[in-house]
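Chain residues, written in single-letter form:
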Amino acid sequence: MSKKRIDITSSTYSFIRRNYIVTLILAAALGLRLWGVGYGLPFIFHPDENRQILDSLGMAERMSVLPQEYSYPALHKYLLLLVNGAYFAAGWLFGVFKDPSDFALKFLEGESSVFLLSRLLSVGFGTALCALLYVMGAKLFSRNAGFIALALSSGMFHLIQHSQWAIADIVLAFFTAAALYFIMLSVSEPGLMNTALSFFLAGLAVSTKPQGVFLVFPLLLIRYYILKDSGFRLKDNRHLSDLTVAFAAFVPAALIGNLAWVFDFGAVYTKFKMLSQVAHLGISSKEPFTPGFVSLLKWFTYELVRQEGPLGGVLLAGTVYAALKHTRKDLLFLLYIGVFMFAVRNWGIRYLHLFVAIFPVLCLFAARMADDFFSRTRLNSWVCALTVAAVILPSTSF
């Protein structure tokens, strides 16, 4: 006789029965991200912060939608421009700034407010990512898994850290997770809206960092699944009309942050080639390595456990568990991770910083594994909660 799954909202798990628990965990996630948001100011310790913020302000000064620095697509810079533009407008309205020159002078004199506001944008995306993972876990697996995914992502060191810098990685992680969510819904709840949203959000990911292009592969696989479920019949041209709307959503979203490819192709391509060469220099968080897929997996396994502690081990175990289960959802998520890993297998730069976009998927895998384990063992609710906390706290303390 099969055991009935324990519902985290049942009387056995009454301590997290109400939504206020979700609110408390999100408040903790926000607090952890706000805790170190002023780190180092007015000095800058992450080179990408300086590049992103100054280039966004430069676009305002030049009255141009094209950046002058082409390392990354420009969507994050546009968001920074909106935030700091609103800050200037409010400051001008209340007499803090006389004009744009006064705003620039205060910035050059060491005023940290622009950097702080830019970091707060990342805090917002990082906290929203935690909320999104709760929704994804609850919708795609179970409400139990949603709670656990929320807790894991709230306390994961790298997701906290990247929510405290004014860089594009946490924005990419959010758009990637959102795109994958609607990709999954395109199968379980097929419809034009889910299809369009999955392509649109994938386009926004491409506009944030080049790694967003890896979402194309799950998008293609999901179309195969949809065709397979229909018996490969193009009835009433529904599939063709869906794809037409999907590409109509994807193309402008992908172009938003990549306008320079259209209007300054030569300079962007030159920068792209230069960055491709830089990626083979051999900079790593570990001793020298041999490029290759297997080498990358070994390095990633070691570094995730070393830097995230027990949580890193649980994330890896959840990924292995997903491979063993290999449901459609698992295969779609694993395809994205696999393509990502394969694409960067020969990069000479190896830091976990480069893999932030796949961490939300790892949190979901770990949450589903933990949910299945707790349901089978029927542990007391407080034991389950303490177990999750014991896994998270060493990572949070880093």
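Presented here is an overview of the structure given in this document. (Residues numbered from 1 in each chain as written. Predicted model: local features only at pLDDT ≥ 70, side-chain atom pairs only at ≥ 80, totals over all residues. Heavy atoms only, no water.)

1. Overview of the overall build of the protein
This is how it is decided: Working definition: helices are DSSP H or I runs of at least four residues, strands are E runs of at least two. Numbering for both runs from the N terminus. Burial status follows relative accessibility: with a 1.4 Å probe on protein chains alone, a residue under 20% of its type maximum counts as buried, one over 50% as exposed, and anything between as partly exposed. Contact between two residues is taken to exist if any of their heavy atoms lie within 4.5 Å; hydrogens are not considered. Using a 1.4 Å probe, the Shrake-Rupley method yields the accessible areas, and only the shown protein chains count as cover for residues.
Scanning the protein from terminus to terminus reveals 18 helices and zero strands. Within the protein, buried positions represent 50% of all 398 residues. By sequence separation, contacts in the protein at least 24 residues apart represent 76% of the contacts at least 6 residues apart. When the accessible area of the protein is evaluated, it comes to approximately 18,600 Å², of which 70% is carbon and sulfur surface.

2. Brief notes about the packing of aromatic side chains
One pair of aromatic rings is described through two measures. These are the centre distance and the angle between the planes. For the record, the criterion: Here a Phe, Tyr or Trp ring, Trp counted by its six-membered ring, pairs with any other such ring whose centre lies within 6.5 Å, and the pair is stacked when the planes are under 30 degrees apart, edge-to-face when over 60, and tilted otherwise.
Applying the stated criterion across every chain yields a total of 23 aromatic pairs. Between phenylalanine 88 and phenylalanine 103, the aromatic rings sit 5.6 Å apart at their centres with planes inclined by 75°, giving edge-to-face as the arrangement. Here the residue phenylalanine 88 occupies a position in helix α3 (residues 75-93), and phenylalanine 103 occupies one in helix α4 (residues 100-108), the gap between them amounting to 15 residues. Looking at phenylalanine 103, the relative accessible area reads 11%, which means it is buried. Ring centres of phenylalanine 125 and phenylalanine 174 lie 5.6 Å apart, and the angle between their planes is 75°; on these two criteria the pair is classed as edge-to-face.

3. Description of the packing of helix α5 (residues 113-140) against helix α6 (residues 143-155)
When two helices pack together, their arrangement is given by the angle between the helix axes and the distance between those axes. We count it as follows: Throughout, an axis means a line fitted to C-alpha atoms (over the contacting stretch in the case of helices), and angles, computed between N-to-C directions, take values from 0 to 180 degrees. Oblique is the label for any angle not under 35 degrees, not over 145, and not in the 65 to 115 range, which are roughly parallel, roughly antiparallel and roughly perpendicular in turn. Handedness of a crossing follows from how the near helix is turned relative to the far one, being left-handed for an anticlockwise turn of less than a right angle and right-handed for a clockwise one. Only Asp, Glu, Lys and Arg are considered charged, only Ala, Val, Leu, Ile, Met, Phe, Trp, Tyr, Cys and Pro nonpolar, and every remaining residue, Gly among them, polar.
Between α5 and α6, whose axes approach to 6 Å, the crossing angle comes to 155°. Classified by the interaxial angle, the pair formed by α5 and α6 is roughly antiparallel. Crossing of α5 over α6 shows right-handed handedness. Each of Cys130, Ala131, Leu133, Tyr134, Gly137 and Ala138 in α5 lies in contact with α6, whose residues at this interface are Arg143, Ala145, Gly146, Phe147, Ala149, Leu150, Ser153 and Ser154. Taken together, the residues that form the contact of α5 with α6 break down as nine nonpolar, four polar and one charged.

4. Examining the packing of helix α8 (residues 169-188) against helix α10 (residues 216-229)
Where α8 meets α10, the closest approach of the two axes is 9 Å, and the angle between their N-to-C directions is 10°. Relative to α10, the element α8 lies roughly parallel. Facing Leu180, Ile183, Ser186 and Val187 of α8, the residues of α10 in contact are Pro218, Leu219, Ile222, Tyr225, Ile226 and Asp229. Of the residues contributing to the contact of α8 with α10, the split by class is eight nonpolar, one polar and one charged.

5. Some points on the environment of glycine 191
Position of glycine 191 relative to the elements: it lies in the loop between α8 and α9 (192-206). Given the relative accessible area of 25%, glycine 191 is considered partly exposed. In sequence terms glycine 191 and aspartate 242 are 51 residues apart; their C-alpha atoms lie 8.2 Å from each other.

6. A closer look at the pattern of salt bridges
Counted only if it meets this: The term salt bridge refers to a pairing of a side-chain nitrogen on Lys or Arg with a carboxyl oxygen on Asp or Glu at a separation within 4 Å.
Throughout the structure, instances matching the rule amount to nine salt bridges. Here arginine 51 ties to glutamate 69 by a salt bridge, and the two come within 3.8 Å at their closest N and O atoms. Of this pair, arginine 51 sits in helix α2 (residues 47-62) while glutamate 69 sits in the loop between α2 and α3, and the two are 18 residues apart along the sequence. Look at glutamate 69 and you get buried, because its relative accessible area is 17%. With its nearest N and O atoms 2.7 Å apart, the salt bridge here joins aspartate 55 to lysine 77. Linking aspartate 55 in helix α2 with lysine 77 in helix α3, this pair joins segments that are 22 residues apart in sequence. Its relative accessible area of 7% is what places aspartate 55 among the buried residues. Look at the salt bridges and you will find they share partners, linking Asp48, Arg51, Asp55, Glu69 and Lys77 into a network.

7. Here we look at the nonpolar core
Selection rule: As used here, the term nonpolar core means buried Ala, Val, Leu, Ile, Met, Phe, Trp, Tyr and Cys residues forming a set that is joined through side-chain atoms within 4.5 Å.
Of all hydrophobic cores here, the largest spans 91 residues; its most connected members are Phe300, Phe355 and Phe359. Counting residues per element, this core draws most heavily on α8, which supplies 15 residues. When neighbours within four sequence positions are excluded, phenylalanine 355 is seen to be in contact with Leu296, Trp299, Phe300, Phe340, Met341 and Val344. In this structure, Ile21, Ala29, Cys130 and Phe147 belong to the second largest nonpolar core, which totals seven residues.

8. Some remarks on helix α14 (residues 293-308)
Our working rule: Any helix carries an expected span of 1.5 Å times its number of residues minus one. The arc under discussion is defined with respect to the helix axis, by the directions toward the C-beta atoms.
Helix length check: α14 (16 residues) gives 22 Å between terminal C-alpha atoms against 22 Å at 1.5 Å per residue, within 8%. Among all positions of α14, only Ser295, Leu296, Trp299, Phe300, Glu303, Leu304, Gln307 and Glu308 are buried. Considered in projection along α14, the buried side chains sweep an arc of 150° and stay on one side of the axis. Facing away from the buried surface of α14 by more than 90 degrees, the exposed residues are Val294 and Lys298. Elements in contact with the buried residues of α14: α7 (157-161), α15 (310-325), α16 (328-343), α17 (359-377) and α18 (381-397). Phi for glycine 309, located one or two positions after α14, is positive at around 70°.

9. Comments concerning the side chain of histidine 353
Tracing the sequence through the fold places histidine 353 in the loop between α16 and α17. Among residues more than four places away in sequence, those in contact with histidine 353 are His46, Asp48, His162, Ile167 and Asp169.

So, to be careful, I would describe these as geometric facts and stop short of saying anything about function.
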